[in-house]
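Spelled out, the chains give:
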Amino acid sequence: MSENTLIENTIKFVKKRLENAEGGHDWFHIERVLNNSRLIAEGEKANLKIVELGALLHDIADSKFHGGDETVGPKVASEFLRSQVVSEDIIDHVIKIIQNISFKGGNVDQKFTSTELDIVQDADRLDALGAIGIARAFNYGGFKGRALYDPEIEPNLNMSKEEYKASTAPTINHFYEKLLILKNRMNTETGKKIAAERHQFMELYLEQFYGEWKGKK
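Residues numbered from 1 in each chain as written. Predicted model: local features only at pLDDT ≥ 70, side-chain atom pairs only at ≥ 80, totals over all residues. Heavy atoms only, no water.

1. A word on the packing of helix α7 (residues 130-143) against helix α10 (residues 189-213)
Relative placement of two packed helices is described by the angle separating their axes and the distance separating the axes. Contact geometry for α7 and α10: axes closest at 8 Å, N-to-C directions at 55°. Relative to α10, the element α7 is oriented oblique. Across the interface between the two elements, G130, A131, I134 and F138 of α7 pack against R198, F201, M202 and Y205 of α10. When grouped by side-chain class, the residues that make up the contact of α7 with α10 number six nonpolar, one polar and one charged. (Axes fitted to C-alpha atoms, helices over the stretch in contact; angles between N-to-C directions. Helix = DSSP H or I, 4+ residues; strand = E, 2+ residues; numbered from the N terminus. Parallel < 35°, antiparallel > 145°, perpendicular 65-115°, else oblique. Contact = heavy atoms within 4.5 Å. Nonpolar A, V, L, I, M, F, W, Y, C, P; charged D, E, K, R; others polar.)

2. Brief notes about helix α1 (residues 3-17)
For α1, with 15 residues, the first-to-last C-alpha span of 21 Å sits near the 21 Å given by 1.5 Å per residue. Within α1 the residues assigned to the buried category are L6, I7, T10 and V14. Viewed along the axis of α1, the buried residues span an arc of 95°, placing them on a single side of the element. Exposed residues pointing more than 90 degrees away from the buried face of α1 are listed as N4, K12 and K16. Here the buried face of α1 lies against α2 (27-41), α3 (48-57) and α4 (72-83). (Expected span 1.5 Å × (residues − 1). Buried < 20%, exposed > 50% of the residue type's maximum accessible area, 1.4 Å probe, protein only. Arc of directions from axis to C-beta.)

3. Regarding the environment of D26
Counting through the fold element by element, D26 comes out in the loop between α1 and α2. For the pair D26 and K15, spaced 11 residues apart in sequence, the C-alpha to C-alpha distance is 8.2 Å. One polar contact links the side chain of D26 to the main-chain amide nitrogen of F28, over a distance of 3.2 Å. (Polar contact = N/O pair within 3.5 Å; in protein donor to acceptor, adjacent residues only side chain to side chain.)

4. Regarding unusual backbone geometry
Phi at V85 takes a positive value of approximately 55°, unusual for a residue other than glycine. Looking at the element boundaries, V85 is found in the loop between α4 and α5 (88-100).

5. With respect to the environment of N158
Mapped onto the fold, N158 is located in the loop between α7 and α8 (161-166). What makes N158 exposed here is its relative accessible area of 60%. Distance in space between the C-alpha atoms of N158 and E177 is 8.4 Å, their sequence separation being 19 residues.

6. Things to note about the packing of aromatic side chains
The tally for this structure, following the rule as stated, stands at 11 aromatic pairs. When the ring of F13 is compared with that of F80, the centres are 4.3 Å apart and the planes differ by 10°; the resulting orientation is stacked. Residue F13 is located in helix α1, and its partner F80 is located in helix α4; the two are separated by 67 residues in the primary sequence. Exposure remark for F80: the relative accessible area of 7% places this residue in the buried category. Their ring planes at 80° and their centres at 5.8 Å tell us that Y149 and F209 sit as a pair that is edge-to-face. Residue Y149 is located in the loop between α7 and α8, and its partner F209 is located in helix α10; the two are separated by 60 residues in the primary sequence. Judged by relative accessible area, which is 12%, F209 ranks as buried. An aromatic cluster of three or more residues is present, and its members are F138, Y149, F175, Y205, F209, Y210 and W213. (Phe/Tyr/Trp six-rings, centres within 6.5 Å; stacked < 30°, edge-to-face > 60°.)

The following block contains the structure:
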């Protein structure tokens, strides 16, 4: 099977699988991460096939939509890739990307590293920043029935993985618990540059948000 056919088949599979997904974790999120990954990969020495497969399959079964079960995504992805007769070493690398890509709170060490993971992780994190990152945060907060903001509830900057996954805090807290942290966690030079611009936009947004909240002109 040609590489183009494999990527086309993967796109079809992901589109079908995420047909009714929450708006921040749907096909369009995957497409943006794929495009960001390709852009970042231009400045890195990486296996583009692994980068593209990792980007396409990284959220195929996000654990937060499967009762916190982190084994579902890797299982679905590996079964699909084997159906496409992909070599085991590539499958293993893609699965490690899926297992290690996500932000799970500030105190969790990543157990695997590779250039391909660095690229896809940066691409995924870029989609949590800037205008789209803000839209995704509030969309997911609404999906979970969370408050926009509560001045009485302080952000928790020292959450364990379990606390982070179980959090029901207002969406504004998520900016401090994750989104504003990402700029300093980027891996690649391209990722760092784009993240800095999107981070600045979010800081301006928060300034405007608090001004409006307090009734200032």
